[in-house]
Amino acid sequence: MEEWAFKRKINLLGDVSVGKTSLVLRYVKNLFGDDYLKTIGTNVYKKQIDFESGRVVLMINDIMGEKTFRSVQEGAFRGSSGAIAVADITRSDTYDSLLEDWLPRYKKFTDEDESIKDKSLPMILVVNKYDLADEDMIKEWEDRSYEIFDDMVFSSAKTGKNVEYIFSSIAARAQLDIRFSVKDMKEVISKRAVETPGDLLDVMLALCSFLGDIPYERMEEILTESGIDKFGLIKSHEISEIEVIRFTDKLLGIYKKKDDEYAISIIDMALGMYLQQ
Ligand code: G3D
Ligand code: MG
């Protein structure tokens, strides 16, 4: 199933002890406060989210906040689709540190990343440990303006407050950016073989996933209508030419209706490569 989903890498940013690991563990495992879960190096957690428009597999990168681990941190920024910047509600210096240190480095290393075309990756600010805050603290955070962030959310890994929301929100934003995360689908296709019906189907599905504008349910319908069995049951080598051509033709029809010249040109290109065999 997973190959039909959009994979999105998300980075957690923020100083030691703001609660990065606690937030991700609350989200992924619904746990809080287990000692053995302290971060060693980089941990990648995987979580699938289903939206109306399709499935997103979040690869959440949790890193050590210590400054001495910079090179590891920066390596983890490669290929990022968005970030959750975490501050501790009881320590406003953790916010300064995001602005002065974490964000510039994240931006620098994602800007240099050639797999990312668009420079403005989604980024949300999470002010964690809400359960420890008094009214004055809350007011102080509310009074700031957060223009550089797409959203600001109070959270508590301890109580679970807003934890689900934070990750769904970044996933939704990262999914929307799909057109920008790969430079050019043509380049991707031109580098691979389109020889068998299975190859052609792979390319078509990759294209849909890249464009991200056909709802998951509709995709299932089109596959079924083309005679191709349900998603999970597809085995590339068992797909017949007639089925894939039918499927490709239906997609072409959809993108012609949308007047999407880019999609049409890519389908033409893939079909051309296949038919030249
Ligand atoms: P980090 O991954 O950013 O370094 P951790 O931070 O997730 O390791 O959390 C650091 C400490 O803060 C942990 O306590 C953890 O239990 C606590 N913590 C994390 N989130 C919250 C929260 O929302 N509320 C409260 N009250 N505490 C939180 P210890 O005692 O293990 O150091
Ligand atoms: Mg940690």
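All figures in this text were calculated on a predicted structure; none of them were measured in a lab. (Residues numbered from 1 in each chain as written. Chains lettered and ligands numbered in written order. Predicted model: local features only at pLDDT ≥ 70, side-chain atom pairs only at ≥ 80, totals over all residues. Heavy atoms only, no water.)

> So what's going on with the site of ligand 1? Which residues, and what values?
The full set close to ligand 1 counts 17 residues, and Ser17, Lys20, Thr21, Ser22 and Asp131 are the nearest of them. At 3.0 Å, a backbone N or O of Gly19 approaches an oxygen atom of ligand 1. Out of a free accessible area of 650 Å², ligand 1 has 75% covered by protein chains. When residues of the shell around ligand 1 are assigned to their parent elements, the largest contribution, three residues, is made by helix α1 (residues 20-29). (Near = heavy atom within 4 Å. Polar contact = N/O pair within 3.5 Å; in protein donor to acceptor, adjacent residues only side chain to side chain. Areas by Shrake-Rupley, 256 points an atom, 1.4 Å probe, with all protein chains shown as cover. Helix = DSSP H or I, 4+ residues; strand = E, 2+ residues; numbered from the N terminus.)

> Account for the nonpolar core, naming residues and giving values.
Core analysis: the largest hydrophobic core is formed by 31 residues, its most contacted members being Leu200, Leu201, Met204, Ile214, Phe247, Leu251 and Ile267. At the level of elements, α7 (185-190), α8 (197-211), α9 (216-225), α10 (241-257) and α11 (261-275) are the ones that each hand at least two residues to this core. Broken down by element, the residue count for this core peaks at nine residues, all from α8. Among residues more than four places away in sequence, those in contact with Met204 are Phe247, Thr248, Leu251, Ile267 and Ala270. (Core = buried A, V, L, I, M, F, W, Y, C linked by side-chain atoms within 4.5 Å. Buried < 20%, exposed > 50% of the residue type's maximum accessible area, 1.4 Å probe, protein only. Contact = heavy atoms within 4.5 Å.)

> Residues and numbers for the confidence of the model for the protein chain, please.
Considering every residue of the protein chain, the mean pLDDT works out to 82; 81% of them sit at 70 or more. The lowest-confidence element of the protein chain is helix α6 (residues 178-181), averaging 46 in pLDDT; the highest-confidence one is strand β5 (residues 123-128), averaging 97. (pLDDT = per-residue confidence, 0-100.)

> Just give me the short version of the packing of aromatic side chains, but keep the residues and values in it.
Under the counting rule described, the total for this entry stands at five aromatic pairs. A ring pair is formed by Phe77 and Tyr106, whose centres lie 5.3 Å apart and whose planes are at 80°; its orientation type is edge-to-face. A residue pair is termed long-range when its members are at least 10 positions apart, and Phe77 in the loop between α2 (70-76) and β4 (82-88) and Tyr106 in helix α3 (residues 93-111) qualify at 29 residues. We note that Phe77, like Tyr106, is buried. Judged by centre distance (5.7 Å) and plane angle (85°), the rings of Tyr95 and Tyr146 are edge-to-face. Remark: Tyr146 occurs in the loop between α4 (135-143) and β6 (151-154) and Tyr95 occurs in helix α3; sequence separation between them is 51 residues. For the pair formed by Tyr95 and Tyr146, the shared burial category is buried. (Phe/Tyr/Trp six-rings, centres within 6.5 Å; stacked < 30°, edge-to-face > 60°.)

> Any details on the pattern of salt bridges? Residues and values, ideally.
For the structure on display, the rule yields nine salt bridges. Here Arg105 and Asp101 are joined by a salt bridge, their closest N and O atoms 3.2 Å apart. Taken together, the positions of Arg105 and Asp101, both in helix α3 and four residues apart, correspond to about one turn of that helix. By relative accessible area, which is 9% here, Arg105 ends up buried. Put simply, Arg218 and Glu225 hold a salt bridge, and the shortest N to O gap is 3.7 Å. Exposure remark for Glu225: the relative accessible area of 43% places this residue in the partly exposed category. (Salt bridge = Lys/Arg side-chain N within 4 Å of Asp/Glu carboxyl O.)

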